[in-house]
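# Analysis of the macromolecular model
Each chain is listed here by its residues.
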Amino acid sequence: MANAEKPKVPFPGIPGTSDGAGTVVWVETNICQGACAYPITSSTTMGGGFQSAVSNGYKNLWGETLAFIEPESEHSSASSCEGFAVAGGRVTNFTSGQGLILMKEVLYTISGKRLPVVFHIGARALTSQGLNVHAGHDDVMGVADTGWGIVFAKNAQESGDLALIARRAAEASETPFLNVQDGFLTTHTVENVLYPEKEMMKNYVGDAKLKIRNLMDVKNPIMSGVVQNQDSYMKGKIAQRYFYQRVPNALKEAFDEFYALTGRKYDFLELYKMADAEYALVSIAGMSETAMAAVDWIREKKGVKVGVVNVWSYRPFPGAEMVNALKNCKAVSVLERMDDPLAPSNPLTRDIKAAFSDALTGVNHMPKIAGIPKIYSAAAGLGSRDVRAGHFWATVQNMMAPNAKQFFCLGIKHPLAVDMTEDPDVRPPGAFSMRGHSVGGFGSVTTNKVIATIAGEVFGLDVQAYPKYGSEKKGLPTTYYLTIAKEHVRTHCELEHIELVVLNDINAFNNQNPVDGLTNGGAIFMQADRDTPEKVWESIPAYAKRHIREKNIRVYYMDMVGVAREVCSSPDLLMRMQGVVLVGVFMKVTPYQKVLNLTDEQIFAGIEKVVRKYWGKRGDKVVNENMAAITRGFKEFKEIPQAIIKAAAAPQAAAGE
């Protein structure tokens, strides 16, 4: 989370679990009057959450019934927001990728009319040589010149907090804002959060009717969006600077007031271990948190003084703050989720170089400096390509090398690539991680969220749960990840160090090595419809058997599909019901019940609370069937005896296992 310390404050937040989309929906359904949206992956869950609140008659903090308007395109949704705001309404929008780019024409007019709206972006790679629905920042960078403030969140907590901060700064400066989070990597990742209290939000942003200018007020008529010819257009354009000069102070005031109320501190930049840093990693959003975990390991294991600069505010760009943060470093690497090959550098790198140029020449009120650190630039994480702790160590190694690559990429094989030499485990001490292999539509991703919610809200532990799937989703392979720890989980990357593997889909044995990365003494739980442990063992490929024996892996199994058929009365829920059986198995095979000294009754009371949170709206029958499936998972799974696993190991090895 944003805060390292937790001072006593008036509004510390309401503990819960949520993904980044959920924290945004919590804020906007309480402070907004309406949303005009045509949601596109990965912003869809934000729009869906807001629309669900409207369907249920939810009222905002001032007792106003929410409105949701879905026109025929993203361009039209932005135009609808413009009309809503022109009439003095507090409105929002949720979009991503091509949707944001399609809005660009309207974004200029919204800022030109000084309409203080806030749009929420699940940042997504733009369709280029291929379609991708996952994280990239080229959509946001593609509209960075439209005159909007832009703030970036690096986790679910920050997505909701910055939604409030952006709203307050927007209305104070009459400037629209984009509140950005990584598509899927944040929008769909469940973590522990502190929801802002309703009273806090009401006081912090205030009543829209008292704060927003109504340009359609018939008692005070005003022209907007008029034609301006040679004699007037430039005057109007430059006059806009009056408003933009207010944005930094408005944003700073919003940061400071939010900190005073909640204890969660934000600023233009977040500096991590930069006080004595000789090398720096500069990045935006979720990648920055992984970098922070990597920096701790680099300092401890490699003895290199390296720090991280995370950019919370991209617009207004904090040039002076950036120079002050980096000026004493030997070298800096700027990592960006995009690539602009015909430009001098990628956007964030360009902005940093420009700031140093101004500082070196002493212009634009920049701090005067005598020299500039070496500035390297990297493309990483495009389309949610995995960015690991080892990549940050490779980046530091490149900065220290005599033949360093000025521009490089991470995570792929390419002449420009800087390769990992180590892949350290930078999870919190004592962390427990699970990786699941399933098929889209089996209910596994939702089950993973349920387990994370139980661990966070019932066990009181820190969690992180997220899926990995392609654009195709339903019917094709899906991987899901979960980490449980006693402190905040900062690693926003695929899990290669795990204690439990779940095989909802046993075909994963044929597509990849699903047991890779399992720790010694770890466990596997697999779907199996065979009636004896011997037959289940026979179904496991030779390479996996060898891995299981060498690492002393325990193997559990159960026919989850069979259980779903027996307990589920609704055909449309049958496929998804099989996944929920895992909840019961997880509670039994993991150490948390014993460590936390919880009885079965306490466990199931907590499970039912979470099940009702996810499926209560479908009625008691669905809740009861889910609970029946979970109970059977808890009680009926089986283990392959070690005697079977180790029997005839020598003959099997001789046969080529």
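Each remark here, short or long, concerns the structure printed above.
Below is a short write-up of the structure.

Each value, and the rule that gives it
Residues numbered from 1 in each chain as written. Predicted model: local features only at pLDDT ≥ 70, side-chain atom pairs only at ≥ 80, totals over all residues. Heavy atoms only, no water. Helix = DSSP H or I, 4+ residues; strand = E, 2+ residues; numbered from the N terminus. Rg over C-alpha atoms; globule rule 2.2 N^0.38 Å. Buried < 20%, exposed > 50% of the residue type's maximum accessible area, 1.4 Å probe, protein only. Contact = heavy atoms within 4.5 Å. Areas by Shrake-Rupley, 256 points an atom, 1.4 Å probe, with all protein chains shown as cover. Lys, Arg positive; Asp, Glu negative; His and termini not counted. Charge placed at Lys NZ, Arg CZ, Asp CG, Glu CD. Patch = residues over 30% accessible without salt bridge, like charges linked within 9 Å, V, L, I, M, F, W, Y side chains within 5 Å. Salt bridge = Lys/Arg side-chain N within 4 Å of Asp/Glu carboxyl O. 1 Å grid on protein atoms, 1.4 Å probe; cavity = no way out; pocket = protein on both sides within 12 Å on 5 of 7 lines; lining within 4 Å. Points joined across faces, edges and corners; volume = space filled by probe spheres on them. Nonpolar A, V, L, I, M, F, W, Y, C, P; charged D, E, K, R; others polar. Phe/Tyr/Trp six-rings, centres within 6.5 Å; stacked < 30°, edge-to-face > 60°. Lys NZ or Arg CZ within 6 Å of the ring centre and 35° of its normal. Pairing = 2+ DSSP bridges. Core = buried A, V, L, I, M, F, W, Y, C linked by side-chain atoms within 4.5 Å. Axes fitted to C-alpha atoms, helices over the stretch in contact; angles between N-to-C directions. Arc of directions from axis to C-beta.

### Side note on the overall build of the protein chain
Within the protein chain, the regular secondary structure consists of 27 helices and 22 strands. The C-alpha radius of gyration of the protein chain comes to 26 Å, within 12% of the 26 Å expected for a compact globule of 657 residues. With the C-alpha coordinates aligned to their principal axes, the bounding extent of the protein chain is approximately 90 × 65 × 50 Å. Counting the 657 residues in the protein chain, one finds 58% classified as buried. Counting only contacts in the protein chain whose residues sit at least 6 apart along the sequence, the fraction spanning at least 24 positions is 78%. When the accessible surface of the protein chain is summed, it comes to about 26700 Å², and 53% of that surface belongs to carbon and sulfur atoms. Measuring between centres, the 70 positive side-chain charges of the protein chain sit 2 Å from its 69 negative side-chain charges.

### Regarding a nonpolar patch on the surface
A surface patch of nonpolar side chains, about 350 Å² in accessible area, is lined by Y233, M234 and I238. When you line up the elements, M234 lands in helix α10 (residues 233-239).

### A short note on empty space enclosed by the protein
Within this structure, the stated rule accounts for 3 cavities of 30 Å³ or more. Considered as a void within the structure, the largest cavity measures approximately 100 Å³ in volume. R388, P424, C493, E494 and H497 are, among the 13 residues lining the largest cavity, the residues nearest its centre. Among the residues making up the lining of the largest cavity, the classes are represented as 5 nonpolar, 2 polar and 6 charged. For the second largest cavity, the calculated volume is near 50 Å³.

### Looking at the packing of aromatic side chains
Enumeration over the complete set of coordinates arrives at 19 aromatic pairs. Taking the centre distance of 5.2 Å and the plane angle of 80 degrees together, the rings of Y242 and F243 count as edge-to-face. Put simply, the rings of Y204, F258, Y266 and W312 touch in pairs and so form one group of aromatic residues. R114 extends its terminal NZ or CZ atom over the ring of Y244, reaching a point 4.4 Å from the ring centre.

### Brief notes about the pairing of strand β18 (residues 477-485)
The side chains of a regular strand alternate, residue by residue, between the two faces of the sheet. Taking burial as the measure, the 9 residues of β18 include 8 buried ones, the bulk of the element. In the sheet, strand β17 (residues 462-468) pairs with β18 via 7 bridges, with the strands oriented antiparallel. Its bridge partner being in β18, P467 is matched across the sheet by Y480.

### Topic: the nonpolar core
In this structure, F119, F152, V282, Y314, L326 and I352 are the most contacted members of the largest nonpolar core, which totals 52 residues. Look past the residues within four positions of Y314 in its chain and what remains in contact with it is M141, A144, I150, F152, I284, P347, L348 and D351. Among the nonpolar cores identified, the runner-up in size contains 50 residues, and V190, A452, M558 and V623 belong to it.

### Some thoughts on unusual backbone geometry
Here the bond from T41 into S42 is cis, since omega is 10 degrees, no more than 30 degrees from zero. On the secondary structure map, S42 appears in the loop between β2 (34-36) and α2 (44-55). Cis geometry marks the peptide bond from R315 to P316; its omega dihedral reads 5 degrees. With respect to the helices and strands, P316 occurs in the loop between β12 (313-315) and α14 (319-326). Of note in this structure, E174 is not a glycine but carries a positive phi near 50 degrees. Structurally, E174 is set in the loop between α7 (156-173) and β7 (177-182).

### Some thoughts on the sheet that holds β7
In a beta sheet, neighbouring strands pair by backbone hydrogen bonds and run either parallel or antiparallel. Taken in spatial order, the 7 strands of this open sheet run β3-β2-β4-β5-β7-β6-β12, and their pairing is mixed. Since the sheet does not close on itself, it has two edges, and those belong to β3 (67-69) and β12, each with one partner. Between one strand axis and the next, the sheet turns through 20 degrees on average, direction left out of account. Where strand β6 (residues 149-152) lies against β7, 4 bridges are found, and the strand directions are parallel. Residue pairing across strands places I150 opposite L178, the latter belonging to β7.

### Section: helix α8 (residues 198-205)
Inspection of α8 places M200, M201, Y204 and V205 among the buried residues, and these make up the whole buried set. Mapping the buried residues of α8 onto a view down its axis gives an arc of 100 degrees, with all of them on the same face. Of the exposed residues in α8, those oriented more than 90 degrees away from the buried face are E199 and N203. Packed against the buried residues of α8 are α1 (20-31), α7, α9 (208-211) and α12 (247-262). Directly beyond the C-terminal end of α8, a positive phi value near 75 degrees is found at G206.

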